[in-house]
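# Architecture and fold: a report
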Amino acid sequence: MIGLISATAAGAVARDRLAAAWPGRVVVYDGPVGEAVRRAFAECEQLVCFLATGAVVRLVAPLLADKSADPGVVCVDEAGRHAVALLGGHGGGANALAVAVGEVLGAAPVVTTATDSVGVPGLDMLGLPVEGDVAGVSRAMLDGAPVELRADAVWPLPALPPNVGPGRAGAAVLHLSDRSVELGAREAVLRPASLAVGVGASKGAPEDEVSGLIRDALAEAGLSPLSVAELVTVDAKAGEPGIVAAAARLGVPLRTYPAEELARIEVPHASDAPLAAVGTPSVAEAAALAGGGELLVPKRKSAPEGRAAMATCAVVRRAPRGRLAVVGLGPGARDLLTPRARDELRRASVLVGLDQYVDQIRDLLRPGTTVLESGLGAEEERARTAVAEARKGHAVALIGSGDAGVYAMASPALAEAGADIDVVGVPGVTAALAAAAILGAPLGHDHVSISLSDLHTPWEIIERRVRAAAEADIIVTFYNPRSRGRDWQLPKALSILSEHRDPATPVGVVRNASRPDESSRVTSLTALDPATVDMMTVVTVGNTATREIAGRMVTPRGYRWQSATVAPAAQAAP
């Protein structure tokens, strides 16, 4: 929960705007400011104080305990011009909160954390537990000093700066491992979520016995409990209190499998006892192996004094899964690049894309990002490259213009990708939508997009689709309408539409939508000169209900909404 505190009428106005934007996420603290800050500091994960930074510093100073536990604090000035991440930039989430506050209030976020200021990811912001001399290693990263990366495997992390990597012998070392590591000065270790712990337990097994068994098994194998991704067991034990409590103590989810699925998994230590009890000859080993991986700790039993064991466990190391984000950059304008797309670009360690699209967003990439770019006509090669990099364990962003799933990179990439990598789709504003917004409201009813390029689709199929749209009176947006070597397809498509539509049907033509040299016009089906159209142009042909109103192209949402008598008057409107 986010606590909101203000002292003045102007502050209260901004506070209430934030409260209205985030219902259910905030608590407004009234009363004397000092008391309100003390209560919010004790009760909330984050605070937004509409106060001077000096005042907030004096108020929170006596309350500070530990950077890992203190809430994140953001200050907003009286005029609402700045949102300052004052305390807990990383651990408390104040940096991200300052950005979010700024988006609501129109304030400029002020972030002074060193790593964020220069685009280097903080070690405590990589989504993995981190131990050791985090400050010392971070300082070396920021200073450009060599930081040796000792990784057991490649994990899909954001790009690390160029001075961090294997063989960078220096005073600082960054480990990436699930193993126990003895750390010296200026050494830190990131803990990947690589371990699955299978657990079996008799009814009523004490939580201490289950947790103690897991703790001892990990310690004796030289493995870190911070790398445990999940506890796994059979469905019949989903509600077993000792297992549920053990998962809660580790802070990991509990996942269960049907007994019949576990019974099909080959294990080294099958037993008749669990087969009779829950329907599978193995619980701990089979559950741990159900998601694949290497068995590091075979089944072992607890050893309570004076009675029979009530718990078993086994530990498996799972291979890293690379991550492929297919990112749509929008039509070209920076302000039409979505926040989610920005985040994915910053999250990637490898970027794959067409060279001209890479140039559009190169400044958004983190230092150290590997950029694999190529020219026009290499779509399949780029898709294969992106998937191959993800299979190596990297976090990959494959970029395309508009929406990556519309005549772009998502299709060839997903045709190559298997179940061995994680795939994330990031939608973007399509060329059709960008053009429609410029033209007015041409897509107000059923519409279809058709590419007139016959490089990948035979013209016979394209023509059949154009005829179907013409006969069904569907609005059509033509992509790839005309090039130097392909100049007859657009006239043919317009001719087909003319068989079913009035010659005066509005047609919108937009070139380089949202870019500095954008141009647009509304013409008609018979007046459009195909020679004025090229590959940078989107052509939108209206249906029989589409009208030009005040120079804009408008299609009503339903045919009943616009009568034949209204349309001519509307056309004549100034």
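Cut-offs and rules
Residues numbered from 1 in each chain as written. Predicted model: local features only at pLDDT ≥ 70, side-chain atom pairs only at ≥ 80, totals over all residues. Heavy atoms only, no water. Salt bridge = Lys/Arg side-chain N within 4 Å of Asp/Glu carboxyl O. Buried < 20%, exposed > 50% of the residue type's maximum accessible area, 1.4 Å probe, protein only. Helix = DSSP H or I, 4+ residues; strand = E, 2+ residues; numbered from the N terminus. 1 Å grid on protein atoms, 1.4 Å probe; cavity = no way out; pocket = protein on both sides within 12 Å on 5 of 7 lines; lining within 4 Å. Points joined across faces, edges and corners; volume = space filled by probe spheres on them. Nonpolar A, V, L, I, M, F, W, Y, C, P; charged D, E, K, R; others polar. Arc of directions from axis to C-beta. Pairing = 2+ DSSP bridges. Axes fitted to C-alpha atoms, helices over the stretch in contact; angles between N-to-C directions. Contact = heavy atoms within 4.5 Å. Parallel < 35°, antiparallel > 145°, perpendicular 65-115°, else oblique. Left-handed = near helix turned anticlockwise from the far one by under 90°. Expected span 1.5 Å × (residues − 1). Phe/Tyr/Trp six-rings, centres within 6.5 Å; stacked < 30°, edge-to-face > 60°. Lys NZ or Arg CZ within 6 Å of the ring centre and 35° of its normal. pLDDT = per-residue confidence, 0-100. Right-handed = clockwise from strand over helix to strand, strands pointing away.

### Here we look at the pattern of salt bridges
- This structure, assessed with the given rule, holds 27 salt bridges.
- Residue K237 is joined to E240 by a salt bridge in which the shortest nitrogen-to-oxygen separation is 3.9 Å.
- On the basis of relative accessible area, E240 is assigned to the buried category, the value being 9%.
- Residue R501 is joined to D473 by a salt bridge in which the shortest nitrogen-to-oxygen separation is 3.9 Å. Taken together, the residues span a long stretch of sequence, with R501 in the loop between α18 (489–498) and β25 (506–511) and D473 in the loop between α17 (459–471) and β24 (475–479) at a distance of 28 residues.
- By relative accessible area, which is 4% here, R501 ends up buried.

### Description of empty space enclosed by the protein
- Within this structure, the stated rule accounts for 1 cavity of 30 Å³ or more.
- In this structure, the largest cavity occupies an estimated 30 Å³ of space.
- What lines the largest cavity is simply R323, A325, E344, R347, A348, A395, V396 and A397.
- Residue assignment for the lining of the largest cavity shows that the elements contributing at least two residues are β17 (323–328), α12 (339–347) and β20 (395–400).
- Sort the elements by how many residues they give to the lining of the largest cavity and β20 lands first, with 3 residues.
- By residue class, the composition of the lining of the largest cavity is 5 nonpolar, no polar and 3 charged.

### Concerning α18
- Regarding α18, the residues found buried are Q489, L490, A493, L494, I496 and L497. Viewed end-on, α18 has its buried residues packed into an arc of 155°, placing them on one side of the element.

### A look at the sheet that holds strand β18 (residues 350–354)
- Within the open sheet, the 5 strands sit side by side as β19-β18-β20-β17-β21. Their pairing is parallel. The strands lining the two open edges of the sheet, one partner per strand, are β19 (370–374) and β21 (422–426). Averaged over all pairs of adjacent strands, the angle between their axes in this sheet comes to 15°, without regard to strand direction.
- Looking at chain direction, β17 and β20 are connected through 6 bridges and run parallel. Across the sheet, L324 pairs through a bridge with V396, a residue of β20.
- Across the sheet, α12 lies against β17, β18, β20 and β21, angled at about 140° from β17, the strand it touches most.

### Topic: the packing of helix α7 (residues 207–220) against helix α8 (residues 241–250)
- Close contact between α7 and α8 brings their axes to 8 Å; oriented N to C, the two are set at 50°. As far as their axial angle goes, α8 and α7 are oblique. α8 is crossed by α7, and the crossing has right-handed handedness. Packed against α7, whose contacting residues are E207, D208, V210, S211 and I214, the element α8 presents G242, I243, A245, A246, R249 and L250 at the interface.
- Classifying every residue of the contact of α7 with α8 by side-chain character gives 6 nonpolar, 2 polar and 3 charged.

### Topic: helix α14 (residues 379–391)
- The terminal C-alpha atoms of α14 lie 19 Å apart, and with 13 residues this matches the ideal 18 Å at 1.5 Å per residue to within 8%.
- Of the positions making up α14, those classed as buried are R382, A383, A386, V387, E389 and A390. Down the axis of α14, the smallest arc covering the buried residues is 160°, so these residues share one side.
- At its buried positions, α14 is contacted by β17, β18, β19, β20 and α15 (410–416).

### Overview of the sheet that holds strand β22 (residues 440–441)
- The strand order β22-β29-β28 describes an open sheet built from 3 strands, whose pairing is mixed. The sheet is open, and its two edges are formed by β22 and β28 (547–549), each paired on a single side.
- Sheet analysis places β22 next to strand β29 (residues 552–554), joined by 2 bridges and oriented parallel. Note that in β29 the partner of G440 across the bridge is M553.

### Description of the environment of E45
- Looking at where E45 falls in the secondary structure, it is placed in the loop between α2 (33–43) and β3 (46–50).
- Distance in space between the C-alpha atoms of E45 and P71 is 4.9 Å, their sequence separation being 26 residues.

### Thoughts on the packing of aromatic side chains
- Inspection of every chain in the model, using the stated rule, returns 2 aromatic pairs.
- On the basis of an interplanar angle of 70° and a centroid distance of 5.0 Å, the ring pair of W459 and W488 is categorised as edge-to-face. A residue pair is termed long-range when its members are at least 10 positions apart, and W459 in helix α17 and W488 in the loop between β24 and α18 qualify at 29 residues.
- Taking the relative accessible area as the measure of exposure, W459 reaches 10% and is therefore buried.
- Here the basic side chain of R25 rests over the ring of W22, its NZ or CZ set 4.5 Å away from the ring centre.

### Here we look at the confidence of the model for the protein chain
- Scored by pLDDT, the protein chain has a mean of 91; 96% of the residues are at 70 or more.
- Here residues 564–574 is a poorly scored stretch, pLDDT under 50, and it has 8 contacts once near neighbours within four places are set aside; other chains count.

### Points about the pairing of strand β12 (residues 195–201)
- The element β12 is extensively covered by neighbouring structure, given that 7 of its 7 residues are classed as buried.
- Residues L195, V197, V199 and A201 line one face of β12 and the alternating positions A196, G198 and G200 line the opposite face, and both faces are buried.
- When β12 meets strand β13 (residues 228–234), the two strands line up parallel, connected through 4 bridges. Bridge assignment links L195 to a residue of β13, and that residue is V228.
- Traced from β12 through α7 to β13, the parallel crossover comes out right-handed.
- Pairing of β12 with strand β16 (residues 311–317), which is carried by 7 bridges, proceeds in the antiparallel orientation. Opposite V199, over in β16, you have C313 as the bridge partner.

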